[in-house]
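Coordinate inspection notes
Here's the letter readout for the chains.
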Amino acid sequence: MKTLYFDCFSGISGDMTLGALLDLDGKNFEHLLSQLKTLNVDGWTINMERRNKNGINANYIKVILPESDSHEHEHNHVHSHEHRNFADIVRIIDGSKITPRAKELSINIFRRIAVAEAKIHGSEIDKVNFHEVGAVDSIIDIVGAAILLDLIISENNIEKIYCSVINDGHGFAHCQHGIIPVPAPAVVEIFANAGVRTRQIDVPKELVTPTGAAIIAEIAEQSDVMPEMTAIKTGYGAGTRDLDIPNVVRVIMGEMSVGATLAVALAHTYGIGFKGDRKDRPYESISVIETNIDDCSPEILAYTMEKLLKAGANDVFFTPIYMKKNRSAVKLTVLCKSDSTDKFAGIIFAETTTIGVRIREEKRICLERKSEFVKTAYGDLKVKAVEFDGEKKLVPEYEEAKKLAENAGVPLYKIYESVKEL
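Owing to the predicted nature of the structure, the values given are computational and were not obtained by experimental measurement.

Quick word on the overall build of the protein chain
Looking only at helices and strands, the protein chain has 12 helices and 18 strands in total. Scored against the burial criterion, the 422 residues of the protein chain give a buried share of 50%. Accessible surface, the protein chain: about 20700 Å² in total, of which carbon and sulfur atoms supply 51%.

Re helix H6 (residues 185-194)
Listed as buried for H6 are Ala186, Val187, Glu189, Ile190, Phe191 and Ala194. Structurally, H6 contributes buried residues whose contacts are with helix H4 (100-121), strand E5 (166-168), strand E8 (198-200) and helix H7 (210-219). Backbone geometry just after H6 places Gly195 at a positive phi near 70°.

Looking at the side chain of Asp150
Looking at the secondary structure, you find Asp150 in helix H5 (residues 136-156). Using a relative accessible area of 10% as the deciding quantity, one classes Asp150 as buried. In this structure the side chain of Asp150 is engaged in a polar contact, spanning 2.6 Å, whose partner is the side chain of Thr99. Discounting chain neighbours no more than four positions away, the residues touching Asp150 are Thr99, Arg101 and Ala102.

Overview of the sheet that holds strand E18 (residues 391-396)
Two pairing modes exist for strands in a sheet, parallel and antiparallel, and in both the strands are linked by backbone hydrogen bonds. The sheet built from 3 strands is open, its strands ordered E16-E17-E18 with antiparallel pairing. Here the strands that pair on one side only, and so sit at the sheet edges, are strand E16 (369-376) and E18. Across this sheet, the average inter-strand angle for adjacent strands is 40°, counted without regard to direction. Across 6 bridges, strand E17 (residues 379-388) lies against E18 in antiparallel orientation. When the bridges of E18 are listed, Val383 appears paired with Pro396. Set on the sheet, helix H11 (residues 398-408) makes contact with E16, E17 and E18; between it and E17 the angle comes to about 150°. Across the sheet, helix H12 (residues 412-420) lies against E16, E17 and E18, angled at about 165° from E18, the strand it touches most.

Points about the pattern of salt bridges
By the definition in use, this model includes 20 salt bridges. As a salt-bridge pair, Lys119 and Glu189 come within 3.3 Å of each other at their nearest N and O atoms. Of this pair, Lys119 sits in helix H4 while Glu189 sits in helix H6; the two residues are 70 residues apart in sequence, bridging distant segments of the chain. Residues joined by salt bridges that share partners form a network here, namely Glu290, Lys331, Arg358, Arg360 and Glu362.

Details of unusual backbone geometry
Cis geometry marks the peptide bond from Val182 to Pro183; its omega dihedral reads 5°. Within the fold, Pro183 resides in the loop between strand E7 (178-182) and H6. Backbone geometry places Asn54, a non-glycine residue, at a positive phi of 55°. Take Asn54: it is sitting in the loop between strand E2 (45-53) and strand E3 (56-64). On the accessibility criterion, Asn54 (43% relative accessible area) is partly exposed. The phi dihedral of Asn326 falls on the positive side, at around 60°, and the residue is not glycine.

Here's the deal with the packing of H4 against H6
Packing of H4 against H6 leaves a shortest axis separation of 9 Å and a crossing angle of 115°. H4 and H6 meet at a crossing whose hand is right-handed. Residues Arg112, Ile113, Val115, Ala116, Glu117, Lys119 and Ile120 of H4 form the contact with H6, whose own contacting residues are Pro185, Ala186, Glu189, Ile190, Asn193 and Ala194. Of the residues in the contact of H4 with H6, the class split is 8 nonpolar, 1 polar and 4 charged.

Examining the side chain of Glu189
By relative accessible area, Glu189 is classed as buried at 15%. Among all residues touching Glu189, those that are not within four sequence positions of it are Ala116, Lys119 and Ile120.

Side note on the environment of Ile153
Residue position: Ile153 is located in helix H5. The class for Ile153 is buried, based on a relative accessible area of 10%. On a C-alpha basis, the gap between Ile153 and Leu4 in space is 8.9 Å, while along the polypeptide they are 149 residues apart.

A look at the packing of aromatic side chains
Counted according to the given criterion, the structure contains 0 aromatic pairs. It is Arg51 that lies over the ring of Tyr60; its NZ or CZ is 3.7 Å from the centre.

Examining the state of the cysteines
Each disulfide consists of a covalent bond between the sulfur atoms of two cysteine residues. One pass over the full model with this rule turns up 0 disulfides. Considering cysteine sulfurs only, Cys8 is the nearest to Cys163, which forms no disulfide, with 5.6 Å between them.

A word on the pairing of E3
In terms of strand pairing, E2 meets E3 through 9 bridges, oriented antiparallel. By the bridge assignment, Arg50 is partnered in E3 with Asn59. Between E2 and E3, which pair antiparallel and follow one another directly, the connecting turn spans 2 residues, one of which, Asn54, has a positive phi of 55°.

Considerations on the confidence of the model for the protein chain
For the protein chain, mean pLDDT is 86; residues scoring 70 or higher make up 88% of the total. Mean pLDDT in the protein chain bottoms out at helix H8 (residues 258-267), which sits at 52, and peaks at E5, which reaches 97. Every residue in residues 68-81 is under pLDDT 50, and counting partners more than four places away or in other chains gives 48 contacts. Taken as a whole, residues 276-282 scores under 50 in pLDDT and shows 15 contacts with residues more than four places along the chain or in a different chain.

Examining the nonpolar core
Counting 70 residues, the largest nonpolar core has Phe6 and Trp44 as the members making the most contacts within it. Sorting elements by how many residues they give to this core places H5 first, with 12 residues. Residues contacting Phe6, with those up to four places away along its chain left out, are Thr17, Leu21, Leu149, Ile161, Tyr162, Cys163, Ser164, Ile216, Ile219, Arg250 and Val251. Core analysis: the second largest hydrophobic core is formed by 13 residues, Val334, Phe344, Ile347 and Ile348 among them.

How each quantity is defined
Residues numbered from 1 in each chain as written. Predicted model: local features only at pLDDT ≥ 70, side-chain atom pairs only at ≥ 80, totals over all residues. Heavy atoms only, no water. Helix = DSSP H or I, 4+ residues; strand = E, 2+ residues; numbered from the N terminus. Buried < 20%, exposed > 50% of the residue type's maximum accessible area, 1.4 Å probe, protein only. Areas by Shrake-Rupley, 256 points an atom, 1.4 Å probe, with all protein chains shown as cover. Contact = heavy atoms within 4.5 Å. Polar contact = N/O pair within 3.5 Å; in protein donor to acceptor, adjacent residues only side chain to side chain. Pairing = 2+ DSSP bridges. Axes fitted to C-alpha atoms, helices over the stretch in contact; angles between N-to-C directions. Salt bridge = Lys/Arg side-chain N within 4 Å of Asp/Glu carboxyl O. Left-handed = near helix turned anticlockwise from the far one by under 90°. Nonpolar A, V, L, I, M, F, W, Y, C, P; charged D, E, K, R; others polar. Phe/Tyr/Trp six-rings, centres within 6.5 Å; stacked < 30°, edge-to-face > 60°. Lys NZ or Arg CZ within 6 Å of the ring centre and 35° of its normal. Disulfide = S-S within 2.5 Å. pLDDT = per-residue confidence, 0-100. Core = buried A, V, L, I, M, F, W, Y, C linked by side-chain atoms within 4.5 Å.

Next up, the structure:
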């Protein structure tokens, strides 16, 4: 499976993204220019040059506007360009001749920024003036990134896009409204709305811009480490800053192995395409309550399990363990919703001899499921229908299968085998 991985160790901005995607395949520059010219926006040119960032030769993209031949991009947030609202920008994009997928992606990226800005300024999405992001250079960055992504995905059969945890700096930055904290409020809001993980590193500068945040939030799923894959080609996009660390974003195109593809599929149960295409999130938070018990009878533990399940626990189970002095014991584990830990801890304290429990938060992945009735050789049976990677699996409900086996006078395994044959 072909994959793109965005390594954002030095943040991300619109121009860095554009530079990295062009560095990934330099022959796409002429295609980019021809597509961007179909936008109803005049007075811009793009300069592409090589810059050395701490020994890394990277691609630097600068959008040149008539009023400033030395325009430095986004990081200082000071512009005097025309302000546009979301509806204006949608009209510009819809009126162009770029591909439908590039149009949709561009609009979705701008929408993320509009939602964030509306929240921060206490306004409505359609009334938000984009200020810096409404400037011509940012329109070129966002639409340009969408054009290149559409082309790269189509030409290379890219099926997944991932990114690292996003690094940002700290301190303060100047913008249209004055001095703001780093990370910028719009960046924090965009990441919060998309569930993107970010962290501050010891760099007293802004490393992530709203444009860069919106692009990566729209296109990529996060992975704590780069997925296991064979790298095919790389691209480096340079930022404007000279830092102790290389001010670049790295994009890696790779081929994932069959095993790695299966592992990723288990963690991402939605279909192929941009992150924005998915209809649900793969992860959900869950609390795990555990306690070790060595002085409680099996009858009491069985009763406790029944009470916990009746109270709504997702799951309850026991694990045989050995404690101090080789005493036989059991570990009681309860899985429950994060806002229900006090209730289930209370049941454990009330019903067992334990004097302490351990609680931790974890994430789990669940396949989509629904209940169905199927016709077997022994009668109708209620099953769970589970879908994974386009395939449907039928799992018998135990109590229902037990009843059917008793009514039909056959062994229980016959019921299970009849479902496998469907």
